[in-house]
Amino acid sequence: MAAVNSSVARTRNLHSILLSTTHNNKSNVQRRWHHGFHIASAGAVVPVPKLAPLLAGSRTVPVHTPLPSNSGSFTPPSPSPLSPTPKRLFHHQSAMGRLNLGNINPHIVEAKYAVRGELAVKSEEYRARLKKGDKSLPFSEVISANIGNPQQLDQKPITYFRQVLSLLENPALLEHKDVLLNTLGYKTDVLERAQWLLDHAGSVGAYSASAGVPVIKESIAKFLEKRDGFPADPSRIYLSAGASAGVNTLLHIICASPSTGILVPIPQYPLYTASLSVLNSTCVPYYLDEAAHWGTSIATIKEAYNRAKGDGVDVRAIVIINPGNPTGASLSEEDVRHVLDFAAEERLVVLADEVYQTNVFIGKFHSFRQVLLKLQKEHPGKYDGVELASLHSVSKGMVGECGHRGGYFELMGFKPEVEEQIYKFVSITLCAPVIGQCLVELMVNPPKPGEPSFELYDKEYNAIYNNLKTRAYTLYKAFHDMEGVECGEPQGSMYMFPTITVPPKAVEAAKKENRTPDEFYCMRLLEATGVCVVPGSGFGQAEGTLHLRTTFLAPGTEWVGNIKKFHKEFMDEYR
C-alpha cells in the first residue's frame, strides 16, 4: 500500500507542477495524458506509448523500465485525436452553464473507449452525408466494422425470437390466434411460449424482481446444467442489461480503492480499462501470446501479478475473455485449468466474459464454470474457495440482439454477505429490461426438435453461423494476400486482429497528424473506402507492434476488395 500511495503522490505532484505551467484551458489535456505513464521504481515517469492511450485514466502498475541516460525531461504528448473531447463532439454549448470539462468527474474525462471514438463519429458523419445524397465521397456506403453490432450489418433476427417478442409487446394479438396462425405464419409453440412468459413474467412494461424474473432464472439454470453437466442454482443468477452491465456491477463490488488491482488481458475489450478508469482503480495488464494464436500464458500472468503485488497493489481479480475480443482466440480446457489453478493459489476472483461462446470455428468452447466444477470434483476442497462470475449475453452469437440489452451473470463461491451487496447494487438500478430478460429465456431455451418452430429456427441459426464463418475466412484470405499484414486463422468470436506493418514514411506522416501509425492507417482507410475499423492501440498491443480490429459481420465481398485495393495504394504512396 505504501508503494501505491507513494506512486500516486508522485503522479499527483507531477500533475500539479504541469498545471502550474499550463494555461487553465489546457488543464484537461494534462489530466488526460499523465495517467498514461508508469512510475518506475526510482520514481521517474516512464512513458509506455502503446498502453498510454488505452489505460489513460485507470491507474496502472509500475513498469520497471530505466530512463534513457539523456532523459532529463520529457515533453507530454498532445491527446490523441481519436479521443475527442466533448467540445469536438458537441458544438452547442452554453457559455453560462455551471459545468465544464474542468469541474465534471475527471475519471469520466480520462476514460478511453476507442470502439466508439473519433473514427466511429466520423463514419456516422459520412453515413448522414450519404443519406442526404452527397455524391462527393469516394464510396457509396459506410461499413461499420468497428463494433460487434450484427443486425446493423444485415444479420437477420431469428424469426421465432421476434414473433414471441411481438406478442409480449402486444398481448392483444393473442386474441386473434387464427390470423397469427393462418395469415402471419406464427406457429402454435410461439403462442404458447408467449403466453407462458406473460403468465410468469407479467407485462414487459413493468419492473421485475431486482435480480430478474424467477422463471427466467430457472430456465438459465437448466441451460447451464445441460451445457456443463452440473446443476445450477437459480438464486445465484442475475439478469442484466447485457453482459456490460454485469461487468459494471461486479467491478463496482470488487474495486474498493485506487490500490485495488484487476488483471486484464492485453489486447482487450476497452470496457474493462474504461470501467477501471471511472472507478479510479488499478489495471494490471497481462499480454496475450500472439505467436500462440493469442493464447493465455500463465507465466505472463504470474509475472504481471507478482510485479503489481510487489508494488503494493491489492490484485483481487482476473478478467478472461473467452472466446477473445478482439483476438477471436478460444481457450483450451488446459488453459482454463491453468487460470483456475492460479486463481485458487492467489485467491483471485475470476471474471469469465463468455459472450462469444457460440462463435467458435476451431475446437470447442470450454466454460470456466464446467472446468471449475470438474476440478472441485477431482480435488475435493482445493478449489472450493474460488470465486467465479460467468457472463453471457443475447448481443452476440447467432442471436445478435444487441439493442435489446439482455444478459446474465452467474456467481460461484461468493460469500452470502458479498452477494447481499451485489443484490443491493442491482436493486439500485431496479432491474434489467424485462423484454431483454425474456429474450435471454428464448436464447437459453430455444425450440426443440419436433416442435413446430424448430425446423425454421435450426435453418436460420445454422445459416447465420455458416455465413459468419465464410465471411471470416474471406477476410482472412484477403489479409493473407496483403503486403506487411499477418493474421492468424479465425478461431471464433466475430473479430480479427491482424498485425500491420507500414512504411517509415507513413509513420512520419502519422506523427505530423499527432496520431499513432495504426490510427493514421485506419483513418485513411475510412476516408478512402468508408470502412470503419479500430486501431490496435485502442485495445492495447505489445511495444513495437501495430494492429487493427475488424469484425467480419458485413455481408458481401466488395468491402473486403476495397480494403485490399486501399492497402496496396497506401503502401505504394508511402513506400
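These lines cover the structure that appears in this document, whether it is placed above or below.

About the cut-offs
Counting starts from 1 at the beginning of each chain's written sequence and moves along it residue by residue. Per-residue local features of the predicted model are confined to residues with pLDDT of at least 70, and side-chain atom pairs are confined, for both listing and counting, to 80 or more; whole-chain, interface and lining totals are unaffected and use all residues. Processing note: side-chain calculations cover all non-hydrogen atoms of the structure and skip hydrogens and water entirely. The way it works is that DSSP assigns letters per residue, a run of H or I at least four long becomes a helix, a run of E at least two long becomes a strand, and they are numbered from the N terminus. Three exposure classes are used, based on accessible area relative to the maximum for each residue type with a 1.4 Å probe and protein chains only: buried under 20%, partly exposed in between, and exposed over 50%. Two residues qualify as a contact provided that any one of their heavy atoms is within 4.5 Å of a heavy atom in the partner residue. Under the convention used here, a 1.4 Å probe and the Shrake-Rupley method define accessible areas, while residue burial counts only the protein chains that appear. Here, any two strands with at least 2 DSSP bridges between them count as paired. The nonpolar core is taken to be a set of buried Ala, Val, Leu, Ile, Met, Phe, Trp, Tyr and Cys residues, with the residues joined through side-chain atoms within 4.5 Å. For crossovers, right-handed means that the path from the first strand over the helix to the second runs clockwise, given strands pointing away from the viewer. Between Lys or Arg on one side and Asp or Glu on the other, a salt bridge is scored when a side-chain nitrogen of the former is within 4 Å of a carboxyl oxygen of the latter. The pocket and cavity definitions rest on a 1 Å grid over protein atoms only: a 1.4 Å probe that fits but cannot leave marks a cavity, an open set with protein on both sides within 12 Å along at least five of seven lines marks a pocket, and residues lining either have an atom within 4 Å of a point. Grid points are joined across faces, edges and corners, and a volume is the space filled by probe spheres set on the points. Residue polarity follows a fixed list, in which Ala, Val, Leu, Ile, Met, Phe, Trp, Tyr, Cys and Pro are nonpolar, Asp, Glu, Lys and Arg are charged, and the others, Gly among them, are polar. The axes used here are C-alpha line fits, helices contributing only the stretch in contact, and every angle between their N-to-C directions lies in the interval 0 to 180 degrees. Working definition: roughly parallel below 35 degrees, roughly antiparallel above 145 degrees, roughly perpendicular at 65 to 115 degrees, and oblique for all remaining angles. Take the far helix as your reference; a near helix turned counterclockwise from it by less than a right angle gives a left-handed crossing, and one turned clockwise gives a right-handed crossing. Polar contact criterion, stated in full: a pair of N or O atoms within 3.5 Å, where within protein one must be able to donate a hydrogen and the other to accept it, and residues adjacent in sequence count only if both atoms are side-chain atoms.

## Some thoughts on the overall build of the protein chain
- Along the protein chain, the regular secondary structure elements total 21 helices and 17 strands.
- Residues classed as buried in the protein chain amount to 54% of the 575 residues present.
- Counted over contacts in the protein chain with a minimum sequence separation of 6, partners at least 24 positions apart contribute 73%.
- When the accessible surface of the protein chain is totalled, it reaches about 25400 Å², and 54% of it is carbon and sulfur.

## Considering the sheet that holds strand E16 (residues 534-535)
- Strands sit in the order E13-E17-E16 across an open sheet of three strands; the sheet is antiparallel. Looking at strand neighbours, the two that pair on one side only are strand E13 (495-496) and E16, the edges of this open sheet.
- Relative to strand E17 (residues 548-551), E13 runs antiparallel, the two sharing two bridges. Counterpart to Tyr495 in the pairing with E17 is Thr551.

## Description of the nonpolar core
- Ranked by internal contacts, the top residues of the largest apolar core, which has 121 residues, are Leu168, Ile220, Ile262, Tyr408, Trp559 and Phe570.
- Here the element with the most residues in this core is helix H18 (residues 454-481); it accounts for nine residues.
- In this structure Trp559 touches Ile143, Ala145, Leu475, Val531, Thr550, Thr551 and Ala554, once residues within four positions along its chain are discounted.
- By size, the runner-up hydrophobic cluster in this structure holds 37 residues, among which are Leu340, Leu348, Val350 and Val371.

## Focus on the pairing of strand E6 (residues 260-266)
- In terms of burial, E6 is largely enclosed, as seven of its seven residues are buried.
- Here E6 shows two buried faces, one formed by Thr260, Ile262, Val264 and Ile266 and the other by Gly261, Leu263 and Pro265.
- With four bridges connecting them, E6 and strand E8 (residues 314-321) associate as parallel partners. Opposite Leu263, over in E8, you have Ile318 as the bridge partner.
- Of the pairings in the sheet, the one linking E6 to strand E7 (residues 282-287) comprises six bridges and is parallel in character. Looking at the pairing, Ile262 lines up with Cys283 of E7.
- As a crossover connection, the stretch from E6 through helix H12 (residues 271-279) into E7 is right-handed.

## So, the pattern of salt bridges
- Scanning all chains against the criterion turns up 24 salt bridges.
- The salt bridge partner of Arg575 is Glu483, with a shortest N-O separation of 2.8 Å. On the criterion of sequence distance, the pair formed by Arg575 in the segment after helix H21 (558-574) and Glu483 in the loop between H18 and strand E12 (485-486) is long-range, its members being 92 residues apart.
- For Glu483, a relative accessible area of 41% corresponds to the partly exposed category.
- Three or more residues are tied together by salt bridges with common partners; here these are Glu118, Lys122, Glu513, Arg515, Arg524 and Glu527.

## Looking at empty space enclosed by the protein
- In this structure the tally under the stated criterion is three cavities of 30 Å³ or more.
- The computed volume of the second largest cavity comes to approximately 100 Å³.
- With three residues, E8 is the largest single contributor of residues to the lining of the second largest cavity.
- Classifying every residue of the lining of the second largest cavity gives 11 nonpolar, four polar and no charged.

## Looking at helix H15 (residues 368-378)
- The set of residues buried in H15 consists of Phe368, Arg369, Gln370, Val371, Leu372, Leu373 and Leu375.
- Where H15 is buried, its residues touch helix H10 (214-228), E8, helix H14 (333-346), strand E9 (349-353), strand E10 (388-393) and strand E11 (407-412).

## Section: the pairing of strand E5 (residues 237-240)
- With burial as the criterion, each face of E5 is covered, one bearing Ile237 and Leu239 and the other bearing Tyr238 and Ser240.
- Sheet topology places E5 next to E11; four bridges connect them, and they run antiparallel. Pairing of Ile237 across the sheet is with Glu410, part of E11.

## A look at the packing of helix H11 (residues 242-254) against helix H16 (residues 416-428)
- Where H11 contacts H16, the two axes come as close as 10 Å, and the packing angle between them is 130°. In this view, H11 runs oblique relative to H16, as classed from their interaxial angle. Crossing of H11 over H16 shows right-handed handedness. Only Val418, Gln421, Ile422, Phe425 and Val426 of H16 make contact with H11, whose side of the interface consists of Asn248, Thr249, Leu250, His252 and Ile253.
- Taken together, the residues that form the contact of H11 with H16 break down as six nonpolar, four polar and no charged.

## Regarding the environment of Glu527
- On the secondary structure map, Glu527 appears in helix H20 (residues 517-529).
- Of the residues examined, Glu527 reaches a relative accessible area of 25% and is grouped as partly exposed.
- A sequence separation of 390 residues divides Glu527 from Leu137, and the C-alpha atoms of the two residues are 8.3 Å apart.
- Setting aside chain neighbours within four positions, we find Glu527 in contact with Lys122, Tyr126, Pro138 and Phe139.
- Looking at Glu527, its side chain comes within polar contact range of the side chain of Arg524, at 3.0 Å.

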